[in-house]
Amino acid sequence: MAGCNTMTDSQSKQTDTEQRLQRMIQVAFEPSFLAIENESHQHAGPARDSHFKLTVVSKVFENQRALARHRAVYEKVAALMPVPIHALALHTYTEAEWAARTSSAPTSPRCRGGA
């Protein structure tokens, strides 16, 4: 997809969950920018391929508040939650909002979960 970017190293290194998530988001939102970051390694316990940060920039989000955007994303990826995806940090932007942020999403906080 032209203009689409994923933050994973390469398609071959993506996990099955990441690939499924990417396909679902691309079909539903036709993003101009898409970043999927597997943050499972930052979490305590057996978290594996279960914690993700998703940044989506799409024209679909025009005239929508953040809550409506998040609901739309959760609706489209419902088949992946709560298994295999346990946690999904969402950052959804219009193209203008993304440009104003200088094309960067917030940094994720450190995990404070138990073992």
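To keep things clear, this report deals only with the structure shown in the data block. What you see is a predicted model, and the numbers here were worked out from it, not measured in a lab.

Quick notes on the rules
- The residue numbers shown here count from 1 along each chain, following its written sequence.
- Only residues with pLDDT of at least 70 are given local features in this predicted model, and only at 80 or more are side-chain atom pairs given and counted; all residues enter the totals for whole chains, interfaces and linings.
- Remark: hydrogens and water are excluded; side-chain values derive from all non-hydrogen atoms of the structure.
- Working definition: a ring pair exists when centres of Phe, Tyr or Trp rings (six-membered ring for Trp) sit within 6.5 Å. Plane angles under 30 degrees give stacked, over 60 give edge-to-face, the rest tilted.
- Numbered from the N terminus, helices here are DSSP runs of H or I no shorter than four residues, and strands are runs of E no shorter than two.
- Under this scheme, a helix contributes an axis fitted over its contacting stretch, all axes are lines through C-alpha atoms, and angles between N-to-C directions fall in the 0 to 180 degree range.
- Throughout this description, any angle smaller than 35 degrees is read as roughly parallel, any larger than 145 degrees as roughly antiparallel, any in the 65 to 115 degree range as roughly perpendicular, and the remainder as oblique.
- Two helices cross in a left-handed way if the nearer one is turned anticlockwise from the farther one by less than a right angle. They cross in a right-handed way if the turn is clockwise.
- Every residue pair with non-hydrogen atoms within 4.5 Å of one another is taken to be in contact.
- Each residue gets one label: Ala, Val, Leu, Ile, Met, Phe, Trp, Tyr, Cys and Pro are nonpolar, Asp, Glu, Lys and Arg are charged, and the others, such as Gly, are polar.

Re the packing of aromatic side chains
So, point 1. If you walk through the whole model with that rule in mind, you get three aromatic pairs.
So, point 2. Relative to Phe-61, the ring of Phe-29 has its centre 5.3 Å away and its plane inclined at 35°; by these criteria the two rings are tilted. In this pair, Phe-29 sits in helix 1 (residues 16-29) while Phe-61 sits in the loop between strand 2 (51-57) and helix 2 (66-76), placing the two residues 32 residues apart along the sequence.
So, point 3. Among the aromatic residues, those joined into a cluster by ring pairs are Phe-33, Tyr-93 and Trp-98.

Here we look at the packing of helix 1 against helix 2
So, point 1. Where helix 1 meets helix 2, the closest approach of the two axes is 10 Å, and the angle between their N-to-C directions is 125°. Classified by the angle their axes make, helix 1 and helix 2 are oblique. Like other packed secondary-structure pairs, helix 1 and helix 2 cross with a definite hand, here right-handed. Of the residues in helix 2, those in contact with Met-24, Ile-25, Ala-28 and Phe-29 of helix 1 are Ala-72, Val-73 and Lys-76.
So, point 2. Each residue belonging to the contact of helix 1 with helix 2 can be placed in one class, and the counts come to six nonpolar, no polar and one charged.

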